[in-house]
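Listed below, chain by chain, are the residues.
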Amino acid sequence: AVKAGKLSHIFLVGGCDGHEPQRDYYAKLGTILPKDTMLLTLGCGKFRIYDQDFGTLGDTGLPRLLDMGQCNDAHSAIVVASALAKAFDTDINSLPLSLDISWFEQKAVAVLLTLLSAGVKNIRLGPALPG
């Protein structure tokens, strides 16, 4: 899909959005993404968006919303990104991929450290940082 120009970007959202109304980050992000993008979820925040229909990526038949598991599966997501990078003969940071991590609890620190130790960039933390 990327090589054919049907997929412009992949957004991976991870972490916990919590139940507070002001923490509806994932739900808002999902509604504004262009139709030629995919949304991968990693963590509890996905439960805010599973009732939405994201459809498929053009005529590819690929779903625009894919679940990568819980936040504890962050390493698995890195393995998938590494395989994609290898397939495109590049590195993870050169993929059309960005990571949005909802910082809500201590596990987010472990996920962030895992990503940083793997050399991953293009990470956004939010919607509100601790402190």
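Heads up: these notes are all about the structure in this document.

One side chain can pair with another of opposite charge once the charged atoms of both are near each other. Summed over all chains, the structure comprises one salt bridge. A salt bridge links D59 to K6, with the nearest nitrogen and oxygen atoms 2.8 Å apart. With a gap of 53 residues between them, D59 in the loop between strand 2 (37-42) and strand 3 (65-67) and K6 in the segment before strand 1 (9-15) connect regions that are remote in the sequence. Accessibility expressed as a relative area gives 62% for D59, which makes it exposed. On the basis of relative accessibility, which here comes to 32%, the residue K6 falls in the partly exposed class.

Strands sit in the order 3-2-1-4-5 across an open sheet of five strands; the sheet is parallel. Sheet topology places strand 3 and strand 5 (123-126) at the edges, where each strand pairs with a single neighbour. Each strand axis lies, on average, 20 degrees off the axis of its neighbour in the sheet, ignoring direction.

On to the nonpolar core. Core analysis: the largest hydrophobic core is formed by 21 residues, its most contacted members being L12, I92, L97, L99, V111 and L115. Of all the secondary-structure elements, those providing two or more residues to this core are strand 1, strand 2, helix 2 (74-87), strand 4 (97-102) and helix 3 (106-117). Among the elements that take part in this core, helix 2 stands out by supplying five residues, more than any other. Once residues lying within four places of it in the same chain are set aside, the contact partners of L99 are L12, L115, V120, K121, N122, I123 and R124.

Calculation criteria
For every chain, the first residue of the written sequence is number 1, and numbering continues from 1 onward in sequence order. It should be noted that, the model being predicted, local features are given only for residues of pLDDT at least 70 and side-chain atom pairs only at 80 or more, the latter also being counted only at that level, while totals for whole chains, interfaces and linings use all residues. As a rule here, side-chain values come from all non-hydrogen atoms in the structure, and water together with hydrogens is ignored. Each reported salt bridge corresponds to a side-chain nitrogen of Lys or Arg within 4 Å of a carboxyl oxygen of Asp or Glu. Only DSSP runs of H or I reaching four residues or more are called helices, and only runs of E reaching two or more are called strands; each is numbered from the N terminus. Whether a residue is buried, partly exposed or exposed follows from its accessible area with a 1.4 Å probe, protein chains only, as a fraction of its type maximum: under 20%, in between, or over 50%, in that order. By this definition, two strands are paired if DSSP reports at least two bridges between them. Axes, fitted as lines to C-alpha atoms, cover a helix only where it is in contact. Angles between the N-to-C directions of the axes lie from 0 to 180 degrees. Throughout, nonpolar core names a set of buried Ala, Val, Leu, Ile, Met, Phe, Trp, Tyr and Cys residues whose side chains join them through atoms within 4.5 Å. Any pair of residues with heavy atoms lying within 4.5 Å of one another is described as a contacting pair.

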